[in-house]
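Each chain, letter by letter, is given below.
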Amino acid sequence: NAGVTQTPKFRILKIGQSMTLQCTQDMNHNYMYWYRQDPGMGLKLIYYSVGAGITDKGEVPNGYNVSRSTTEDFPLRLELAAPSQTSVYFCASSYPGRNTQYFGPGTRLTVL
Amino acid sequence: DAKTTQPNSMESNEEEPVHLPCNHSTISGTDYIHWYRQLPSQGPEYVIHGLTSNVNNRMASLAIAEDRKSSTLILHRATLRDAAVYYCIPAAPASGGSNYKLTFGKGTLLTVNP
C-alpha cells in the first residue's frame, strides 16, 4: 500500500492564483481530513469528510473548498491565493471509529 | 476540547529512557488520550492511545494517571530516529459513524543526543 499520497510536494503561487492540492489514499478509509501547519505551530483542521459526497468544515475553512466524489480522493481547492495561506498542508485518512489517522507527506505552499 | 499542557522541549541521550509529560486537567470522561509524533519534514505519525489503563505497544508505553488529568509517554530506549515533536491529544471516541477530530497543539520537541 502507498498509504496517503499528496501532490505536489512544493508549489509557489502568486496572489490571486488558484490551485488544487491532490490527496489520494489506497486504504479504503471512509474518513479523510485536510490540515494546515504554519511554522512552529500545531496542525489546524481545514475540512474533513466522512465519506464520498459528504464534507464538513473544520477550524479554519475560509479560503478553501473541498469535494469528495470517490472514497480514494479528497482534493483541496484554493480559489484566490493569499499570503496568509502560505503553509504546509497535510492530508490524512482513517477508518470510522478508529483512533489512528494516517498522514501524507505534505505539500509546502508559498504565496507571494 | 480538553486543554493540554506539554513542555516546549526536552532533551535525552541515545539509549536512555524518555518520559514525556502531558497535563490535560479538563479532559472529559470519554476522551481517549492520543499521542502522535512528527519527524522533521514529515506528516504526523500515530504513536499510542489509551483511556484509563496503561498501554504498551512496539513504539512506546503510555502511563495514565488515576484521575486522568495527566499522562506520560515513555520511550524505553531513545534512538536518534525518535527526535521529533510529540503531541498529546485528548479526543472523544467516534460513535455511530461520526468522525474523529484531533486538535494538535504545539507539542514537545524532543532532541536526542548521540
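Calculation notes
Residues numbered from 1 in each chain as written. Chains lettered and ligands numbered in written order. Predicted model: local features only at pLDDT ≥ 70, side-chain atom pairs only at ≥ 80, totals over all residues. Heavy atoms only, no water. Phe/Tyr/Trp six-rings, centres within 6.5 Å; stacked < 30°, edge-to-face > 60°. Helix = DSSP H or I, 4+ residues; strand = E, 2+ residues; numbered from the N terminus. Buried < 20%, exposed > 50% of the residue type's maximum accessible area, 1.4 Å probe, protein only. Lys NZ or Arg CZ within 6 Å of the ring centre and 35° of its normal. Contact = heavy atoms within 4.5 Å. Buried area = accessible area lost by both parts, 1.4 Å probe. Salt bridge = Lys/Arg side-chain N within 4 Å of Asp/Glu carboxyl O. Polar contact = N/O pair within 3.5 Å; in protein donor to acceptor, adjacent residues only side chain to side chain. Nonpolar A, V, L, I, M, F, W, Y, C, P; charged D, E, K, R; others polar. Core = buried A, V, L, I, M, F, W, Y, C linked by side-chain atoms within 4.5 Å. Disulfide = S-S within 2.5 Å.

Time to look at the packing of aromatic side chains. Counted by the stated rule, this structure contains nine aromatic pairs over all chains. Ring centres of Y35 of chain A and F103 of chain A lie 5.5 Å apart, and the angle between their planes is 40°; this geometry places the pair in the tilted category. Residue Y35 of chain A is located in strand β4 (residues 31-37), and its partner F103 of chain A is located in strand β10 (residues 102-103); the two are separated by 68 residues in the primary sequence. Here the two residues Y35 of chain A and F103 of chain A agree in accessibility, since each one is buried. Linked through ring pairs, Y33, Y35 and F103 of chain A together with Y36, Y46, Y87 and F104 of chain B together constitute an aromatic cluster. One residue, R68 of chain A, lies across the ring of F74 of chain A, its end atom 5.9 Å from the ring centre.

Here we take up the interface of chain A and chain B. The interface of chain A with chain B comprises 20 residues on the first partner and 21 residues on the second. Roughly 1,600 Å² of surface becomes buried between chain A and chain B when both sides are summed, with 54% attributable to carbon and sulfur atoms. The interface formed by chain A and chain B includes zero salt bridges. At the surface where chain A touches chain B, the tally comes to three residue pairs in polar contact (both at pLDDT 80 or more). Here the side of chain A that touches chain B is composed, by residue class, of 11 nonpolar, eight polar and one charged.

Our focus in this paragraph is the nonpolar core. Formed by 21 residues in total, the largest nonpolar core has its most connected members in L20, W35, L73, L75, Y86 and L110 of chain B. Contributions of two or more residues to this core are made by β2 (18-23), β3 (32-38), β4 (45-50), β6 (61-64), β7 (70-75), β8 (84-91) and β9 (108-113) of chain B. If you look at the next biggest cluster of nonpolar residues, it comprises 20 residues, including W34, Y47, A81 and C91 of chain A.

Here we take up the state of the cysteines. Think of a disulfide as a covalent bridge from one cysteine sulfur atom to another cysteine sulfur atom. Applying the stated rule across the entire model yields two disulfides over all chains. Paired by a disulfide, C23 of chain A and C91 of chain A hold their sulfur atoms 1.8 Å apart. Taking the sign of the torsion about the S-S bond as the criterion, the disulfide between C23 of chain A and C91 of chain A, at about -75°, is left-handed. Taken together, the residues C23 of chain A in strand β3 (residues 19-25) and C91 of chain A in strand β9 (residues 87-94) connect sequence positions 68 residues apart. Taken individually, C23 of chain A and C91 of chain A each receive the classification buried, so the pair is uniform in this respect. Paired through a disulfide, C22 of chain B and C88 of chain B show a sulfur-sulfur distance of 2.1 Å.

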